[in-house]
Amino acid sequence: MSPHQSEDEETPLLQPKKQHTVDKTPLPWRQFSVILFLQLTEPLTAQAIAPFAPQLIRDVGVTHGDESRVGYFVGIMYSVFYVAQALTTLHWNRLSDHVGRKPVILTGLFGISMSMFLFGLSETFGGLVLSRVLCGALNGNSGVIKSMTIDITDSTNIAQAYGYIPIPWMLGNTLGLLIGGSLSRPADRFPRLFGQSTFLKTYPYFLACAGPALFTALAWLVTYMLLQETVPTTTSLWSLIRNRYRNMFVSTHPKSLPADGLHSEDTIQDCRDDSKSLSLRALLTSRVLIAMLNYATLALLDIALRTLIPVFYATPVDLGGLGLDPLRIGNILAVFGIVNGLLQVFFFARLHDRFGTKVLFTYGIAVSVPIIIAFPIINTLCLTHGIGVTVWFAVGLQLIISIPLNMGYACMAIYVAASSPNRASMGATNGLAQTVAACVRIIGPASTMSMFSFSVGNPSNAWAVYYFMMVLALLAMGSAFLLPRQLWKRND
């Protein structure tokens, strides 16, 4: 028997395929570090108001002393931000595909800073609502920054990039909660330092809002000086407006257009052309719609939980909560923000590479069930044992379990990027995702707080809010099954 024949007989028929490792493209840290810095502004400003929001609603007198209506007005205050954002964010993101990401980001930062100053100076519920509306209307940065992140990454390093995104969110959430919890009502909290300040007694929440506002102004300067544009070809705003008016004029003269179905052919051609941004109708492909549905259900579930947790902590124990003050609420959520951010930084990319985008996303949605069940259990433990080690352990366990749910946003960002028909429509696709998320966030806080107020006001229906939350969780899990296991390709 020849050596070759022996080798052939002993060689397995099904040989394992050779593993081809793909070299990861290094992250462009000079640009990416500026993007990470900009990400600090949104969580910092959003979370700064969370610790004192229930007390602020009591102070402005809109509830007239009815404790059961505090959650209802907190929900409205959060929701109006998303109403304004839903009406404008798609336009900001589509605009960034034409005029560039940087001008839109600068406008958004200016809007955030001004609205936070106004929020701190508001003495009526109407003033609070107005400032939140301005913040939402002038700020389309979340989707634009996601588009910029996608612009500077590729398929080999996008998961690594999104693994770092929790760092600014962790820091922003932590600092925002600490600022909001520590600097609200400074004349009462630090009488030696601020006790003589008539201004801070008149506007007890201004200092807690001014810190994030000044930081956002600093971010504006950093963006102006250091951020580089990532859209290869930009158009001036005046040229864009002029072209739009020209198109409107042409559309009123149908004889000037070919009547051979050229519109649909142009749409197909534009989908293949990475240099042309698509119209909204051409953007609504089946895979974009699936990505939007999952982004919507994730955002609805997440915002409902985020709104419920601080109000649950602040509600008196006999009404179903824990009866904690704003400082303790801020400290709890700040510690959680640190732990959440660190775990995502160190483990998201590894988990994503090991299990894939869909498995990680689906698991994150599934853990919402035990999170919801934990609320009445924690209240029962508090009624039985008081605020002690058992209750703190249960609170910590509930928050730790929620970390995979937060990873769902990075997974959905990857799905949204993959669903975009072409690269020139990346801003529009992300803008559509942010619009859908903003729409569900309009109803999320208001509906959740309305259900919570209903539960608090009717002891016989004390668990109604948790049944409602469970429906949201099941809706999100059902939507997740529509996602493909392998990410979409643009030539599919």
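As shown above, the structure is provided for reference.
Residues numbered from 1 in each chain as written. Predicted model: local features only at pLDDT ≥ 70, side-chain atom pairs only at ≥ 80, totals over all residues. Heavy atoms only, no water.

**Student:** Explain a nonpolar patch on the surface to me, please; I cannot follow it from the model alone.
**Tutor:** Taken together, the side chains of I338, L342, L343, F346, F347 and I400 make up a nonpolar region of the molecular surface, amounting to roughly 510 Å² of accessible area. Relative to the helices and strands, I400 resides in helix α22 (residues 389-401). Relative accessible area serves as the criterion here: at 42%, I400 is assigned to the partly exposed category. (Patch = residues over 30% accessible without salt bridge, like charges linked within 9 Å, V, L, I, M, F, W, Y side chains within 5 Å. Areas by Shrake-Rupley, 256 points an atom, 1.4 Å probe, with all protein chains shown as cover. Salt bridge = Lys/Arg side-chain N within 4 Å of Asp/Glu carboxyl O. Helix = DSSP H or I, 4+ residues; strand = E, 2+ residues; numbered from the N terminus. Buried < 20%, exposed > 50% of the residue type's maximum accessible area, 1.4 Å probe, protein only.)

**Student:** When you look at the side chain of N157 in this model, what are you seeing that I'm missing?
**Tutor:** When you line up the elements, N157 lands in the loop between α8 (141-151) and α9 (158-164). Since its relative accessible area comes to 1%, N157 is described here as buried. Here T25 takes part through its backbone oxygen, which lies 2.9 Å from a polar atom of the side chain of N157. Leaving out residues up to four positions away in the same chain, N157 has contacts with T25, P26 and L27. (Polar contact = N/O pair within 3.5 Å; in protein donor to acceptor, adjacent residues only side chain to side chain. Contact = heavy atoms within 4.5 Å.)

**Student:** Hey, could you run me through the packing of helix α5 (residues 70-99) against helix α24 (residues 426-457) in this one?
**Tutor:** A pair of packed helices can be characterised by two numbers: the angle between their axes and the separation between those axes. Packing of α5 against α24 brings their axes to within 8 Å, and their N-to-C directions diverge by 175°. Accordingly, the angle class assigned to the pair α5 and α24 is roughly antiparallel. Split into classes, the residues belonging to the contact of α5 with α24 amount to 15 nonpolar, 14 polar and 3 charged. (Axes fitted to C-alpha atoms, helices over the stretch in contact; angles between N-to-C directions. Parallel < 35°, antiparallel > 145°, perpendicular 65-115°, else oblique. Nonpolar A, V, L, I, M, F, W, Y, C, P; charged D, E, K, R; others polar.)

**Student:** What is the right way to read the pattern of salt bridges from this model?
**Tutor:** Side-chain pairs of opposite charge can arise whenever the charged atoms involved come near each other. Tallied over the entire structure, the rule returns 5 salt bridges. Between D151 and R101 there is a salt bridge; the shortest N-O distance is 3.0 Å. Highlighted residues: D151 in helix α8 and R101 in helix α6 (residues 101-121), separated in sequence by 50 residues. Taking the relative accessible area as the measure of exposure, R101 reaches 3% and is therefore buried. Where salt bridges share partners, they join D59, R185 and D188 into one cluster.

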